[in-house]
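Results of the structural survey
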Amino acid sequence: MESVSPVPRAPGAKPVVGHLAAFLRAPLAFLRSLPAHGPLVEIRLARKSVVVVCDPELTSTMLVHDRVFDKGGPLFERLREAGGQGLATCPAAEHRRQRRLIQPAFHQARFPDYARIMTERMDAVIGNWRDGQTLDLAVASRNITADVVLSAVFGTRLDHGLHVRLATDFDTLLAGFTRHSLLPKPLRKVPTPGNVRYERATRRVRQSMADLTTQYRESGGTGETNLLSMLIAARAPESDVPALTDDELVDQAVTMYSAGTETTAGAVNWSLYLAATHPAVHARLTAEVSTVLDGRTAGWDDLPRLRYTRQVFTEALRMYPPGWFLTRQTQQDTRLGTYALPKGTTIAYSPYLISHLPTLYPDPQRFDPDRWDPRGGQPRLPAFVFGGGARKCIGDEFSLVEGVLLLASLLSHWHIDLHRDSLTAPRLPQLTLNPGRLRATLTAHSRLRGVSEKSRGRRLGQVSRRG
Ligand code: HEM
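Anyway, here's the lowdown on the structure attached to this text. Per chain, the residues get numbers from 1 upward, laid out in the order the sequence is written. Side-chain atom pairs in this predicted model are given and counted only at pLDDT of 80 or more, local residue features only at pLDDT of at least 70, and totals for whole chains, interfaces and linings cover all residues. For the side-chain quantities, the full set of heavy atoms in the structure was used; hydrogens and water were omitted.

Let us now look at the overall build of the protein. Working definition: helices are DSSP H or I runs of at least four residues, strands are E runs of at least two. Numbering for both runs from the N terminus. Each helix and strand in the protein was counted, giving 19 helices and ten strands. Taking 467 residues into account, the globule formula puts the C-alpha radius of gyration at 23 Å, and the protein, at 22 Å, falls close to it. Judged by the C-alpha coordinates and their principal axes, the protein covers about 70 × 55 × 50 Å. Per-residue burial for the protein yields a buried fraction of 54% across its 467 residues. Two residues form a contact once any of their heavy atoms are found within 4.5 Å. The long-range fraction of contacts in the protein, counting pairs at least 24 apart against all pairs at least 6 apart in sequence, stands at 75%. As displayed, the protein has an accessible area near 20,400 Å², and 54% of this comes from carbon and sulfur atoms. Here the globule rule reads 2.2 Å times residues to the power 0.38, and the radius of gyration is calculated from C-alpha atoms. We call a residue buried when its accessible area falls under 20% of the maximum for its residue type, exposed when it is over 50%, and partly exposed in between, using a 1.4 Å probe and counting protein chains only. Here the Shrake-Rupley method, with its probe set to 1.4 Å, supplies the accessible areas, and only the displayed protein chains count as covering residues.

What follows is the structure, encoded as structure tokens:
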């Protein structure tokens, strides 16, 4: 029988803090440095020991055995504070039942309807911006994806005030999330302004979702089929008992909102950022968008022709996967590859780390949408960007449709000049990887058409020197 060895520790651990300082200072570079030390590597984040999987095969094995490697660890403990035991956070024992209830809402047949909602929401927002307007695209795209997810969950007639409050509280929650997850428990309870803001936002997010759910019930629904109407109608097997309590409905709504908003918006933002910093890609992308859409907002029927847009979006997902660091906890003594893992080990997988392995993606730091040219015959998506096994993202297709439609629609309506201060990535990623502020000035294409071909050629794909 193959011998079993303990997991090696990454070098550079400092007394008390371990690798925490290095992780917080430059988390992405830190993750990229780990595979050099073995397929599994232990890191210490202050007192917490975490085993990071650095090998694709072992990541897959871990994800497939979801009862042994169950959801757990500091990340999911914090997520459960806001999202309760929703689909993304519940333990494996509860997961199959929930997934069966929710899966029909993500059936392929529903996508043309979702795409229609997406196009409507995008058109209403993007079409209303003013020529010459400056705005933060990170905020704008997050608002759009939040709007789309809320419409898919609750239907299209929502209380706008509640929606705005929810978005604000979620911002606060996400901004404090990673730091809060890394702080030892006693420090999380100290009433610093940051901790108080975080706790308050967490409570209010749940309250807003509960209010929306009550409103929805009282109005007798909207007559449309959406996730909430399906979950409310669901019954436990062979009985008339509702399959989910009201609290569980709120858990699912918070889960969908948190899992489906920042993620897709982040990938769209990275696509814009990466395109802006790679003029040749930008030129091809805008040429495709302009040929296919001619100034319109993108819709379902346009998707097959937005092929390069999809490649850019996919490569942005590889470069900066929104779910970049996710944890599990072993439920029994076990092994992974040749390594022994005692019960209670916190283990992490990182789509970011895997998608930067040169063995899988040569020259991984290079932004190259042609990696995803369908004629190349390679897999359609970067490995593990949507997780894997039974806990694979339920919204994967939803976000691919939405991401491509949003990226294409933004570029179709506007020439986007990103300000120079938008073009530096923030040091500490949050729960999702997001480029942070993306200040941009918009110019109508019709006005650009008035500019001579020569200067226009210079301008397209160039990064503005503003800001
Ligand atoms: C680019 C966009 C997205 C990315 C990169 C992404 C990524 C992921 C990843 C990596 C996981 C697995 C987490 C783990 O292993 O612990 C996951 C799970 C999940 N995602 Fe997504 N996601 C995206 C969009 C969405 C959208 C739009 C929705 C909903 C509308 C959604 C809902 C969920 C849910 C509910 C789960 C938990 C699934 C389960 O455990 O059965 N995601 N996502």
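Don't stop here, the text continues.
Turning to the environment of Val125, a few remarks are in order. With respect to the helices and strands, Val125 occurs in helix H6 (residues 111-126). Judged by its relative accessible area of 28%, Val125 falls in the partly exposed class. Taking the C-alpha atoms as reference points, Val125 and Leu212, separated by 87 residues in sequence, lie 22 Å from one another.

Time to look at the site of the ligand. Of all residues adjacent to the ligand, which total 28 residues, the nearest are His95, Arg99, Arg328, Tyr349 and Cys393. Those elements that provide at least two residues to the shell around the ligand are helix H5 (92-102), helix H12 (246-260), helix H13 (262-276), strand E5 (326-330) and helix H17 (396-413). Examining the composition of the shell around the ligand, we find that three residues originate from one element, H12, more than from any other. Classification convention: Asp, Glu, Lys, Arg as charged; Ala, Val, Leu, Ile, Met, Phe, Trp, Tyr, Cys, Pro as nonpolar; all other residues, Gly among them, as polar. In the shell around the ligand, the residues fall into 16 nonpolar, seven polar and five charged. Any residue with at least one heavy atom within 4 Å of a molecule or strand is counted as near it.

By definition of the ideal shapes, a tetrahedral metal site with four donors has angles of 109.5 degrees and an octahedral site with six donors has angles of 90 or 180 degrees. In this structure the iron atom of the ligand is ligated by exactly one protein donor, Cys393 (SG), at 2.3 Å. Looking at where Cys393 falls in the secondary structure, it is placed in the loop between helix H16 (351-354) and H17. Metal donors were taken as nitrogen, oxygen and sulfur atoms no farther than 2.8 Å from the ion, or 3.2 Å where the ion is Na, K or Ca. Water is excluded, so coordination may look unfinished.

What follows covers the pairing of strand E8 (residues 346-349). Covered by surrounding structure in E8 are Thr346 and Ala348 together with Ile347 and Tyr349, the residues of both alternating faces. For two strands to count as paired, DSSP must find a minimum of two bridges between them. In this sheet, E8 lies alongside strand E2 (residues 48-53) in parallel orientation, the contact comprising four bridges. Note on E8: the bridge partner recorded for Val53 is Tyr349. Bridge analysis of E5 against E8 gives four bridges, and the strand direction is antiparallel. Counted as the bridge partner of Leu326 is Tyr349 from E8.

Further remarks concern unusual backbone geometry. Positive phi values are uncommon outside glycine, yet Asp294 reaches one of about 50°. Mapped onto the elements, Asp294 comes out in the loop between helix H14 (279-293) and helix H15 (307-319). Overall, the relative accessible area of 65% leaves Asp294 in the exposed class.

Two cysteine sulfurs form a disulfide in these notes if their separation is within 2.5 Å. All chains considered together, the criterion is met by zero disulfides. For Cys90, which is in no disulfide, the shortest distance to another cysteine sulfur is to Cys393 and amounts to 14 Å.

What follows deals with the packing of aromatic side chains. Two aromatic rings from Phe, Tyr or Trp, using only the six-membered ring of Trp, form a pair when their centres are within 6.5 Å; if the ring planes differ by under 30 degrees the pair is stacked, by over 60 it is edge-to-face, and anything between is tilted. Using the criterion set out here, one finds ten aromatic pairs in the structure. Aromatic pair Phe23 and Phe30: ring centres 5.9 Å apart, planes at 85°, arrangement edge-to-face. In this structure Phe23 comes out as buried when scored by relative accessible area, which is 2%. Owing to a relative accessible area of 10%, Phe30 belongs among the buried residues under this scheme. Summarising the aromatic geometry, the rings of Trp270 and Tyr320 are spaced 3.6 Å apart at their centres and angled 15° between planes, so their arrangement reads as stacked. Residue Trp270 is found in helix H13, and its partner Tyr320 is found in the loop between H15 and E5; the two are separated by 50 residues along the sequence. Note on Trp270: relative accessible area 1%, which makes it buried. Note on Tyr320: relative accessible area 16%, which makes it buried.

This part is about the pattern of salt bridges. The salt bridge definition used is simple: a Lys or Arg side-chain nitrogen within 4 Å of an Asp or Glu carboxyl oxygen. Evaluated as defined, the whole model comprises 24 salt bridges. Residues Arg235 and Asp240 are paired through a salt bridge, measuring 3.4 Å at the closest nitrogen-oxygen approach. Classification of Arg235 by relative accessible area gives partly exposed; the value is 36%.

Turning to the sheet that holds strand E1 (residues 40-45), a few remarks are in order. Within a sheet, adjacent strands bond to each other through the backbone by hydrogen bonds, running parallel or antiparallel. Read from one edge of the open sheet, five strands run E1-E2-E8-E5-E3, paired in mixed fashion. If you trace the sheet from one side to the other, it starts and ends with E1 and strand E3 (69-71), each paired once. In this sheet, neighbouring strand axes are inclined to one another by 40° on average, regardless of whether the strands run parallel or antiparallel. Two strands pair when backbone bridges link them, and E3 and E5 are joined in this way by three bridges, in the antiparallel orientation. Among the inter-strand pairings, Asp70 is bridged to a residue of E5, identified as Gln329. The convention used is that axes are lines fitted to C-alpha atoms, helices contributing only their stretch in contact, and that angles between N-to-C directions extend from 0 to 180 degrees. Helix-sheet contacts for helix H3 (residues 56-64) involve E1, E2, E3, E5 and E8, and the interaxial angle to E8 is about 120°.

Along the chain, the position of Thr345 falls in the loop between strand E7 (339-341) and E8. Residues adjacent in sequence count toward polar contacts only when both atoms are side-chain atoms; beyond that, a polar contact is any pair of N or O atoms within 3.5 Å, and within protein one must be able to donate a hydrogen and the other to accept it. Reaching out from Thr345, the side chain makes a polar contact with the backbone oxygen of Pro342 at a distance of 2.5 Å. Residues contacting Thr345, with those up to four places away along its chain left out, are Val51, Arg328, Gln329 and Thr330.

Inspection of the secondary structure puts Asn195 in helix H10 (residues 193-218). Through-space distance from the C-alpha of Asn195 to that of His413 is 41 Å; in sequence the pair is 218 residues apart. With residues up to four places along the chain from it excluded, the contact list for Asn195 reads His180, Leu183, Leu187, Arg188, Lys189 and Val190.

With that settled, the discussion passes to the sheet that holds strand E10 (residues 439-444). Spatially, three strands are ordered E4-E10-E9 in an open sheet, and the strand pairing comes out antiparallel. Looking at strand neighbours, the two that pair on one side only are strand E4 (134-136) and strand E9 (414-418), the edges of this open sheet. Adjacent strand axes in the sheet meet at a mean angle of 35°, parallel and antiparallel pairs treated alike. In the sheet, E4 pairs with E10 via three bridges, with the strands oriented antiparallel. Opposite Asp136, over in E10, you have Arg439 as the bridge partner. In this fold helix H7 (residues 137-154) packs onto E4, E9 and E10, with an angle of close to 65° to the strand it touches most, E4.

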